[in-house]
Amino acid sequence: MLRFLKWSAVTVVFLVLALALLVWSTTFHPPALQQEPVVNITQAPVLKSGQDVKLLSWNLQYMSGKNYEFWYDHIDGNGPDIRASKEDISTTFNQVAELIIAQNPDIILLQELHDNAKRTDYEDQLQRLLTILPPEYSNYSETFYWQADFVPLPQIMGSVGMKLAVISKYKLSDALRHQLATIKADPVTDQFNFRRAIQEVTLPVSDGSKLSLMNTHFDAFAQGSDTMQQQVLYMEQLLAGKNANGEAWVIAGDLNLLPPGQYDNMDNDAKGYYQPTSELERIYTQFNVIPSIEQANGANAKDWFTHFPNRKEIPGPDRTIDYFVYSDQLQVNAAQVLQHNTWHISDHLPMIMTLTLP
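Residues numbered from 1 in each chain as written. Predicted model: local features only at pLDDT ≥ 70, side-chain atom pairs only at ≥ 80, totals over all residues. Heavy atoms only, no water.

(A) The overall build of the chain, seen in detail. Each helix and strand in the chain was counted, giving 8 helices and 14 strands. Computed over C-alpha atoms, the radius of gyration of the chain comes to 21 Å, within 12% of the 21 Å expected from 2.2 N^0.38 for 358 residues, which places it in the range of a compact globule. In terms of principal-axis extent, the alpha carbons of the chain reach across some 80 × 50 × 45 Å. Out of the 358 residues belonging to the chain, those deemed buried represent 54%. The contacts in the chain between residues at least 6 apart in sequence include a share of 74% that link residues at least 24 apart. Total accessible area on the chain is roughly 16,000 Å²; 56% of this is exposed by carbon and sulfur atoms. (Helix = DSSP H or I, 4+ residues; strand = E, 2+ residues; numbered from the N terminus. Rg over C-alpha atoms; globule rule 2.2 N^0.38 Å. Buried < 20%, exposed > 50% of the residue type's maximum accessible area, 1.4 Å probe, protein only. Contact = heavy atoms within 4.5 Å. Areas by Shrake-Rupley, 256 points an atom, 1.4 Å probe, with all protein chains shown as cover.)

So, in structure tokens, the structure goes:
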């Protein structure tokens, strides 16, 4: 009997270790810093000193459109929809491409693209988008921030893959992935969590200088933890270091945080996602931010709303959670949230900014 119990215990330990190894080998564990590949077309043009550059930043909600209330769109996780139809995804691809072509940006920073995700039929959404954009948009880099071969969540029960991407008309010289703090969970759940990141790409300029563009998508649903504070602190330190080096830089994306002052104007349900004092206060006090506090809270604050939650009771964009932040080295000539005829494409609205290089 003792021998049987001994072997039973050994078997249990072996099975637990085998399961742990399987979970680890099929989930995503990037290092703190990681070089990422860049793709450039032959003889890709190089930015010129003094040139005007138009940027477009957009969270594309994995091309799923606005016809759904996904389970995570409710704070209790009880939204009715699990995925978008293939037809709606195709329609959204075409709408995204049409807007990009009409706006004609020089560089595009995209968040929430899927790649090998069951809910979007395992498609590499970046590659599909590249096939329907003009050929000059063939310089790009990408980085994942969620990856697993199988997530045992009832609404998923399959693979996930989500990434950031930068697409450019101009040559990229290198790319770097910065790992951000993660939401802490039990050791098993943690293996399947997002690994949020800042994607940094460098573009050479003809006078020998460079432009650093950073693209990010911060965590959501981090209530009860200091994850958002840690992610903001990392960004603050990264940008301060670039300022100290005299670099020209822009960071853009979905920060999932309100600008200071906007919390008081939210309804009680929306307030549950945010802190009364925005974690972004420390960013606003040190750096140039679009929208400014005055823009985000003034008489025309609605012009700077960037998010439109997938909830039937919310008739239109009602908050600002997407931003451009930029260095003193750059002159910004114009910036705007594109609200005309964009509400149906994603739960986020695209932002554009035109800057002049030093």
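After that view, the rundown keeps rolling.
(B) Spatial organisation of the pattern of salt bridges. This structure, assessed with the given rule, holds 15 salt bridges. Across the salt bridge formed by Asp 115 and Lys 163, the nearest N and O atoms sit 2.8 Å from each other. With Asp 115 in the loop between strand S4 (107–114) and helix H3 (125–132) and Lys 163 in strand S6 (residues 158–168), this residue pair connects regions lying 48 residues apart in the sequence. Taking the relative accessible area as the measure of exposure, Lys 163 reaches 0% and is therefore buried. The salt bridge involving Arg 195 is made with Asp 190; its shortest N-O contact spans 3.7 Å. (Salt bridge = Lys/Arg side-chain N within 4 Å of Asp/Glu carboxyl O.)

(C) Region of the structure containing H3. Residues of H3 that are buried include every one of Gln 125, Leu 126, Leu 129 and Leu 130, and no others. Summarising the axial view, the buried residues of H3 lie within an arc of 140 degrees, below the 170-degree limit, and thus occupy one face. The secondary structure elements touched by the buried residues of H3 are helix H2 (86–103), S4, strand S5 (139–151) and S6. With a side-chain oxygen lying 3.2 Å from the backbone nitrogen of Leu 126, the N-terminal cap of H3 falls on Asp 124. (Arc of directions from axis to C-beta. Polar contact = N/O pair within 3.5 Å; in protein donor to acceptor, adjacent residues only side chain to side chain.)

(D) Expanded view of the packing of aromatic side chains. Scanning the entire structure with this criterion turns up 10 aromatic pairs. Three or more aromatic residues joined by ring pairs make a cluster, and in this case those are Tyr 62, Tyr 68, Phe 70, Trp 71 and Tyr 72. In this structure, Lys 66 is placed above the aromatic ring of Phe 308, and the distance from its NZ or CZ to the ring centre is 3.7 Å. For Arg 196, the ring lying beneath its charged end belongs to Phe 194, and the centroid distance is 4.2 Å. (Phe/Tyr/Trp six-rings, centres within 6.5 Å; stacked < 30°, edge-to-face > 60°. Lys NZ or Arg CZ within 6 Å of the ring centre and 35° of its normal.)

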